[in-house]
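Secondary and tertiary structure notes
Here is what each chain is made of, one letter per residue.
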Amino acid sequence: MPVASLLALPFASAAFSAPPRTVEIAPGVRMPIINLGGVHSHPSNYSAWLRLGGRGLDSALMYGDDVQVAVGDAIAASTRPRRELFLTSKVPCCPSTSLTHWCEWYEAEYARLPAATQAAIDARLLGVAQLDLVLLHWPCDTFEDTLRAYRSLEDFALAGKARAIGVSNFNASALEALFGAGLRVPPAVNQCGFSIGNHNSSALGRDFETVGKCREKNVTYSAYSPLGGLTGVDVLSNPQVKAVAAAHNKSTAQVALRWLTQQGIVPVTSSDKESHLKSDLEIFDFSLTEQEAASLTQI
């Protein structure tokens, strides 16, 4: 999708006085507008996130058993009832051409198991009876394999073991193909790497076209690496981002996250520092103007 077309899409302005804290991803299923992730090599402080007011946690079977257990322990130790928290996880389907290291592990551990079985194993590691959202982590090597895995997740959801299902790293074409197959449970979310800057990587859905396709299909677009770690842009030091941050007396990270949430995009941030987590949650007391948002979109 061209930048000009994206800018024509609805964008919350400074006049929007009550920013939403959740987004409805499926009938009766509301997801926090900001969530905390983390992987084996860079785990986050999940307990601090929940203590500070965060409600959404994001994980994946391939992030490692230690991460899954840490996320589950944070949920179990939280004073919040389980129903007030939102847990997203992912099961692997592996395009071996681009993720060789991950796929070697996947082939050894999970490749022969149906996606629903992988999700059930994941839920046990997390210590929960039901996942709020489970995603297919990548498209598979072939569309037939992708569809087989997704249909298995449909079974998982229809059995009441997940409130919603979706995909991750699907570009516009992959999403269109999936919908064209006829689905019992449409994907509620597509989680891709996305931030201010460098929106030209279509292979894994990190582009405006995929954002537009999600809106067309009523799929919530979620952004991992929202501060630019995977985009090749130093978002936090970008002069335009710094100028907008100074105008609002906010950090560049807060501006980067607000740029996403005002578009209805759900960021998945990560940190083990409590000060960073607190800052990430303090993004709802200001709004970017349409002009500011447009300038950031053009980066």
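Residues numbered from 1 in each chain as written. Predicted model: local features only at pLDDT ≥ 70, side-chain atom pairs only at ≥ 80, totals over all residues. Heavy atoms only, no water.

As recorded in an unreviewed UniProt entry, the protein chain goes by the name NADP-dependent oxidoreductase domain-containing protein, listed as coming from Prymnesium parvum. Taken from UniProt, the Sequence similarities (unreviewed entry) comment for the protein chain reads in full: "Belongs to the aldo/keto reductase family." (UniProt positions renumbered as here; feature names shortened; annotations may be inferred.)

1. With respect to helix α11 (residues 274-281)
Spacing of three or four residues puts side chains on the same side of an α-helix, whose turn is 3.6 residues. Buried within α11 we find L277, S279, D280 and L281. Next to the buried residues of α11 lie β3 (35-36), α2 (46-51), α10 (252-261) and β12 (266-269). (Buried < 20%, exposed > 50% of the residue type's maximum accessible area, 1.4 Å probe, protein only. Helix = DSSP H or I, 4+ residues; strand = E, 2+ residues; numbered from the N terminus. Contact = heavy atoms within 4.5 Å.)

2. A closer look at the environment of P139
With respect to the secondary-structure elements, P139 resides in the loop between β6 (131-136) and α6 (143-158). Along the primary structure P139 and L153 are separated by 14 residues, whereas in three dimensions their C-alpha atoms are 13 Å apart. Excluding residues that lie within four positions of it along the chain, P139 makes contacts with C93, C94, P95, T146, S168, N169 and F170.

3. Here we look at the state of the cysteines
Between two cysteines, a covalent bond joining their sulfur atoms is known as a disulfide. Going through the model one piece at a time under the given rule, you end up with one disulfide. Shown here is the disulfide that connects C93 with C140, its sulfur atoms set 1.4 Å apart. Between C93 and C140, the S-S dihedral sits near 90°, and the bridge is therefore right-handed. In this pair, C93 sits in the loop between β5 (86-91) and α4 (100-109) while C140 sits in the loop between β6 and α6, placing the two residues 47 residues apart along the sequence. With relative accessibility at 5%, the residue C93 sits in the buried group. Cysteine C192 remains unbridged, with the sulfur of C214 as its closest cysteine sulfur at 6.4 Å. Looking at C192, the relative accessible area reads 0%, which means it is buried. (Disulfide = S-S within 2.5 Å.)

4. Some details on the side chain of S59
Along the chain, S59 turns up in the loop between β4 (56-58) and α3 (65-77). Sequence-distant contacts of S59, that is, excluding residues within four places in its chain, are made with V67, Q68, V71, T88, S89 and K90.

5. A word on the pairing of strand β8 (residues 189-193)
Two faces belong to every sheet, and in a regular strand the side chains alternate between them. Along β8, five of the five residues are buried, which leaves the element largely enclosed by surrounding structure. Bridge count between strand β7 (residues 162-168) and β8: two bridges; the pairing is parallel. Residue pairing in the sheet places S168 in a bridge with Q191 of β8. Following the chain from β7 across helix α7 (residues 172-180) to the adjacent parallel β8, one finds a crossover that is right-handed. For β8 and strand β11 (residues 220-224), the ladder comprises five bridges, and the chain directions are parallel. By the bridge assignment for β11, Q191 is matched with S222. (Pairing = 2+ DSSP bridges. Right-handed = clockwise from strand over helix to strand, strands pointing away.)

6. Section: the pairing of β7
The buried fraction of β7 amounts to six of the seven residues, a majority that puts the element mostly inside the structure. The sheet contact formed by β6 and β7 spans five bridges and is parallel. Bridge assignment links L136 to a residue of β7, and that residue is V167.

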